Amino acid sequence: MAADEPLVLGIETSCDETGVGIVRGTTLLADAVASSVDTHARFGGVVPEIASRAHLEAMVPTIERALKEAGVSARDLDGIAVTSGPGLAGALLVGVSAAKAYAYALGKPLYGVNHLASHICVDQLEHGPLPEPTMALLVSGGHSSLLLAPDITSDVRPLGATIDDAAGEAFDKIARVLDLGFPGGPVIDRLAREGDPRAIAFPRGLTGPRDAPYDFSFSGLKTSVARWIEAKRAAGEEVPVRDVAASFQEAVVDVLTRKAVRACRDEGVDHLMIGGGVAANSRLRALAEERCERAGIRLRVPRPKLCTDNGAMVAALGAEMVARNRLPSDLELSADSSLPVTEPHVPGATHSHSHSHDHDHVHEISKDNLYS
């Protein structure tokens, strides 16, 4: 870690985690997270208004905790990065507003960055600089995407994405059907270790010869599992929860890894990075390792704590922006709940910026409230 490498603070509030990370170059100095997941659990999913209020309460204490953990002063920072999209509109606005306030007060450059690109860039903190291009499989509660990134700061290309439910969403829904609580991913992963993944032949969506090779669909799988469980219950039979969990999980990770390896082969990329909350799944990691090894592909997966939403990933991408002299955002930066992955960061309004949402309600609210 060199003293001249950029020192950047990153803020992440796209969903229910208030994440604040501090990195110097590609070295992680602090990763502070305040989660409101327990508050949402009784509703069976994330409630946007509750998430936004939790971010408001947690923001300043979490930033102070990160600075203390890193042993740096806010004035030492070379930049402040924040997730400006995609995500929940109200939650994003809290993070963006906080980042702008700190950047303005400290006289530091501001970088509005893309949540998905950040999930890719976080791997630099674990395994060093990303290869160029990077092939990334991002799997979370809101996204299942295959992305090719020749330059993580300016060029991210979508190869495929979910056309309905994301993988993490399917985990949550099946956990609900099985009365396992929320979030569903960790508990299904745990139960599946004691079940038989071959017990029930659940469908593999979009794997036919005429289907889009890199797109994902988990809605049909979710329906199939739910109907299988309903039929067992209707017949008065006991549902073999562990076998259902293992067979469902296997169907998901089979499709994810198969398509990711195919994309690497087709694009001539000899490594694969997996990120997002579902990348913490033990079976996904094991099957990806097995298939990548067989195909001669190097697998890069960050440790589980860096796979879920966190501020470290935002800081990592921000530091890369500073290191590559990318133009900072200006104080007109707003939250964009549908920011496309093709925009790793949002440069200032005075610079070339193709993605315009004049009709976007989020932009109107933020401008009226903050700049009237």
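Here the structure is a predicted model, which is why all the values come from computation and not from measurement.

1. Regarding the pattern of salt bridges
So, step 1. With the rule as written, the count across this model stands at 23 salt bridges.
So, step 2. Of the charged contacts, one joins E49 and R53 as a salt bridge, the two residues approaching to 2.9 Å between their closest N and O atoms. Of this pair, E49 and R53 both sit in helix α2 (residues 48–70), four residues apart, which is roughly one turn of the helix.
So, step 3. Take R53: its relative accessible area is 52%, and that puts it in the exposed class.
So, step 4. In this structure, R283 and E250 form a salt bridge, with 2.8 Å as the shortest nitrogen-oxygen distance. Taken as a pair, R283 in helix α10 (residues 282–295) and E250 in helix α9 (residues 241–267) lie far apart in primary sequence, 33 residues in all.
So, step 5. Here the salt bridges do not stand alone but share partners, grouping E132, D151, E320, R324 and R326 into one network.

2. Section: the sheet that holds strand β6 (residues 134–139)
So, step 1. If you walk across this open sheet you meet the five strands as β8-β7-β6-β9-β10, and the pairing is mixed. Of all strands in the sheet, those bounded by a partner on one side alone are β8 (155–161) and β10 (298–300). Neighbouring strand axes in the sheet, compared pairwise and without regard to direction, differ in orientation by 25 degrees on average.
So, step 2. For strand β9 (residues 271–275) and β10, the ladder comprises three bridges, and the chain directions are parallel. In the strand pairing of β10, L272 is matched with L299.
So, step 3. Each of β6, β9 and β10 is contacted by α10, which is oriented at about 160 degrees to β10, the strand it contacts most.

3. Examining the environment of P48
So, step 1. Along the chain, P48 turns up in helix α2.
So, step 2. Under the relative-accessibility criterion, P48 is labelled partly exposed at 42%.
So, step 3. On a C-alpha basis, the gap between P48 and L88 in space is 6.6 Å, while along the polypeptide they are 40 residues apart.

4. Describing the environment of V255
So, step 1. Mapping V255 onto the fold places it in helix α9.
So, step 2. With a relative accessible area of 1%, V255 lands in the buried category.
So, step 3. Note: C-alpha distance between V255 and P203 (52 residues apart in sequence) is 9.9 Å.
So, step 4. Ignoring sequence-local partners within four residues, the contact set of V255 consists of R204, G205, T207 and F216.

5. What to know about the sheet that holds strand β5 (residues 110–114)
So, step 1. Taken in spatial order, the six strands of this open sheet run β3-β2-β1-β4-β5-β11, and their pairing is mixed. Strand pairing shows two members of the sheet lacking a second neighbour, β3 (27–35) and β11 (345–346), which therefore form its edges.
So, step 2. Note: strand β1 (residues 7–12) against strand β4 (residues 79–85), four bridges, orientation parallel. From the neighbouring strand, L9 faces β4, where its bridge partner is I80.
So, step 3. On the sheet, helix α3 (residues 89–106) packs against β1, β4 and β5 and is oriented at approximately 160 degrees with respect to β4.

Conventions and cut-offs
Counting of residues starts from 1 at the beginning of each chain's written sequence and follows it residue by residue. Per-residue local features are limited, in this predicted model, to residues with pLDDT of at least 70; the limit for side-chain atom pairs, both in listing and counting, is 80 or more; totals at the level of whole chains, interfaces and linings are taken over all residues. Remark: hydrogens and water are excluded; side-chain values derive from all non-hydrogen atoms of the structure. One speaks of a salt bridge when a side-chain nitrogen belonging to Lys or Arg is within 4 Å of a carboxyl oxygen belonging to Asp or Glu. Helix and strand definitions here come from DSSP, where helices need a minimum of 4 consecutive H or I residues and strands a minimum of 2 consecutive E residues; each element is numbered from the N-terminal end. The buried label goes to any residue with under 20% of its type's maximum accessible area, the exposed label to any with over 50%, and the partly exposed label to all in between, with areas taken from a 1.4 Å probe on protein chains only. Any two strands with at least two DSSP-identified bridges between them are counted as paired. To get an axis, fit a line to the C-alpha atoms, keeping to the stretch in contact for a helix; angles then go from 0 to 180 degrees between the N-to-C directions. We call two residues in contact when some of their heavy atoms are within 4.5 Å.

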